[in-house]
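Chain and residue survey
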Amino acid sequence: MKLKAGIINVTGYAGSELARLLYSHPQVELVSVTGRGAAGQKLTAVFPHLADIDLTITAELDKVDIAFSAMPHKASAEVILPLVKQGIRVIDISADFRLKDAAEYPAWYDFTHPAPAVLKDAVYGLPEFHRSAIAKAKLVANPGCYPTGALLALAPLVKEGLIYPDIIVDSKSGVSGSGRTLSLTAHYCEASDSVSAYSLKGHRHLPEIVQELKNINTALIPSVIFVPHLIPMTRGILSTCYAKIKEDRLAVARSELKKIYQNYYKGEAFVRITDQPPGTKQTWGSNFCLIHPVFDSRTGTAVIISCIDNLVKGAAGQAIQNMNIMFGFPEKAGLEALPVYP
Ligand SMILES: NC(=O)c1ccc[n+]([C@@H]2O[C@H](COP(=O)([O-])OP(=O)(O)OC[C@H]3O[C@@H](n4cnc5c(N)ncnc54)[C@H](OP(=O)(O)O)[C@@H]3O)[C@@H](O)[C@H]2O)c1
């Protein structure tokens, strides 16, 4: 019998991408999808590309074995907490259970966390870091899109203690990263033919990046400058990360940087160390994270480029990877599709 899955808030980009990917999952049946404004409509009426999924969008979730929440932050915790109480396993794509310190929520997300005790039990759902905890988790906090690319790029450097604490993460995201809700910045005339930096005073994903870097190596107190940019494309995040190599590790970085990355991600189905600098298009529609590590010998700096599809490895695909781990399915189930090209 197939696992019964439900999507809370199917009507956003993350929710609709989950529906698209779950449709071809061999062990899962999507049985329930919810929405607010679109409740009562057929899924295909809102998303013609999902015409093969014969479901009506409802206001409340039906009985499921696994619930995915693709709600905005704050609203997500409100719908998830009753489900967790009922013993339903949940994967939250919002930020509501990613940060371990409840005091971070008023500072970064403008709300007081309703259940600090639950934060402790939630598992940060980056499979490459927390696979065994995810397998047992009742509630998985799916990572943010920017943190996914940045953390996978930086982890080997941090784990191996190769770098000083000053780290720069320079990221470029496609417009779907800001969601389907209409906004002036995502307006065609504002976003096309232009690239702009934003959140220079501190983006919400920064505390998540710092939290997880500290977990990788407790000896490192990272000092991270993270500057996101909006770029006129639909999907994808490219992050270029810079960190100075410690004086006594320069020789290792010069000769073995790529090997260190290959060893760190050995056996990982979705992380690829590339020979050429990757482009976001090489990840479109797939769950891959492409990483290209380079040592800049002129300055003794590691320059690490990562690319993901923000809606797949940065959201829905990673959520399905987490579900696969939680229910003992092959980790690639439902995620076998190669990137779309051209
Ligand atoms: N986009 C990404 O790349 C990405 C990546 C990782 C994580 N996420 C996270 O995934 C979640 C969904 O993001 P998204 O990009 O899919 O958002 P989105 O496209 O902007 O979602 C918009 C949908 O959310 C509904 N909505 C807005 N506020 C609501 C509320 N208070 N209660 C119920 N429904 C509400 C809207 O419904 P109405 O039509 O009724 O207004 C609309 O259908 C967010 O927490 C986001 O941070 C997104």
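You'll find the structure just up there.
The shown structure was predicted, so the numbers you read here are calculated from the model rather than taken from an experiment. Going along each chain's sequence as written, the residues are numbered from 1 onward. Whole-chain, interface and lining totals are the exception, using all residues; otherwise, since this is a predicted model, local features are given only for residues with pLDDT of at least 70 and side-chain atom pairs are given and counted only at 80 or more. For side-chain calculations, the full set of non-hydrogen atoms in the structure is used, while hydrogens and water are omitted.

Helical geometry: 3.6 residues make up each α-helical turn, so side chains three or four residues apart lie on a common side. Taking 1.5 Å of rise per residue, 15 residues should cover 21 Å, and helix H7 (residues 145-159) covers 21 Å from first to last C-alpha, within 8% of that figure. A residue's bend is simply the angle between two axes: one fitted to the seven residues ending at it, one to the seven starting at it. Helix and strand definitions follow DSSP, with helices as H or I runs of at least four residues and strands as E runs of at least two, each counted in order from the N terminus. Residue Ala153 marks the point of greatest curvature in H7, where the axis turns by about 35 degrees; the proline Pro156 follows within four residues. Count one or two residues on from H7 and you reach Gly161, which has phi positive near 60 degrees. Here a helix's expected span is defined as the number of its residues, less one, multiplied by 1.5 Å.

This part is about the side chain of Thr11. Within the secondary structure, Thr11 sits in the loop between strand E1 (3-8) and helix H1 (13-23). Looking at Thr11, the relative accessible area reads 15%, which means it is buried. Within 3.5 Å is the distance limit for a polar contact, defined as a pair of N or O atoms, with the added protein rule that one can donate a hydrogen and the other accept it, and that residues adjacent in sequence qualify only through two side-chain atoms. In terms of polar contacts, Thr11 uses its side chain to reach the side chain of Asn9, at 3.1 Å. Every residue in contact with Thr11, bar those within four places of it in the chain, is listed here: Thr34, Gly35, Ala38, Phe47, Ile57 and Arg180. Partly exposed residues are those whose accessible area sits between 20% and 50% of the maximum for their type, while under 20% is buried and over 50% is exposed, using a 1.4 Å probe and protein chains only. Contact between two residues is taken to exist if any of their heavy atoms lie within 4.5 Å; hydrogens are not considered.

We define proximity as follows: a residue is near a molecule or strand when any one of its heavy atoms falls within 4 Å of that partner. Taken together, 24 residues lie around the ligand, and Thr11, Ala14, Gly37, Met71 and Arg180 are the ones closest in. Within the backbone of Ser176, one N or O atom sits 3.0 Å away from a nitrogen atom of the ligand. Residue assignment for the shell around the ligand shows that the elements contributing at least two residues are H1 and helix H11 (312-326). Note on residue categories: nonpolar means Ala, Val, Leu, Ile, Met, Phe, Trp, Tyr, Cys or Pro, charged means Asp, Glu, Lys or Arg, and polar means any other residue, Gly included. Looking at the shell around the ligand residue by residue, the class counts come to 10 nonpolar, 12 polar and two charged.

Overall, parallel pairing links the seven strands, which are arranged E3-E2-E1-E4-E5-E7-E6 in an open sheet. A strand with exactly one partner marks an edge of an open sheet, and here the two such strands are strand E3 (57-58) and strand E6 (123-124). Any two strands with at least two DSSP-identified bridges between them are counted as paired. Inspection of the sheet shows strand E4 (residues 66-69) paired to strand E5 (residues 89-92) by four bridges, in the parallel sense. Paired with Ile66 across the bridge in E5 is Arg89.

Time to look at the pattern of salt bridges. Should a side-chain nitrogen of Lys or Arg be within 4 Å of a carboxyl oxygen of Asp or Glu, the pair is scored as a salt bridge. All told, the structure shown has 14 salt bridges when counted by the stated rule. For Arg20, the salt bridge is made with Glu17, and the minimal N-O distance between the two is 2.7 Å. Placement of both Arg20 and Glu17 in helix H1 is noted, with a separation of three residues, approximately one turn of the helix. As a salt-bridge pair, Asp309 and Arg235 come within 2.9 Å of each other at their nearest N and O atoms. One end of the pair, Asp309, is in the loop between strand E14 (301-308) and H11; the other, Arg235, is in the loop between strand E10 (223-230) and strand E11 (237-245), with 74 residues separating them in the sequence. Note on Asp309: relative accessible area 0%, which makes it buried.

Fitted lines through C-alpha atoms serve as axes, helices being fitted only where they are in contact, and the angles separating the N-to-C directions of these axes extend from 0 to 180 degrees. Packing of H7 against H11 leaves a shortest axis separation of 8 Å and a crossing angle of 100 degrees. Between H7 and H11, the angle is such that the two are roughly perpendicular. On H11, the residues that touch Cys145, Thr148 and Leu152 of H7 are Lys313, Gly314 and Gln318. When grouped by side-chain class, the residues that make up the contact of H7 with H11 number two nonpolar, three polar and one charged. For classification purposes, an angle smaller than 35 degrees is called roughly parallel, one larger than 145 roughly antiparallel, one from 65 to 115 roughly perpendicular, and anything else oblique.

None of this, on its own, says anything about what the molecule does.
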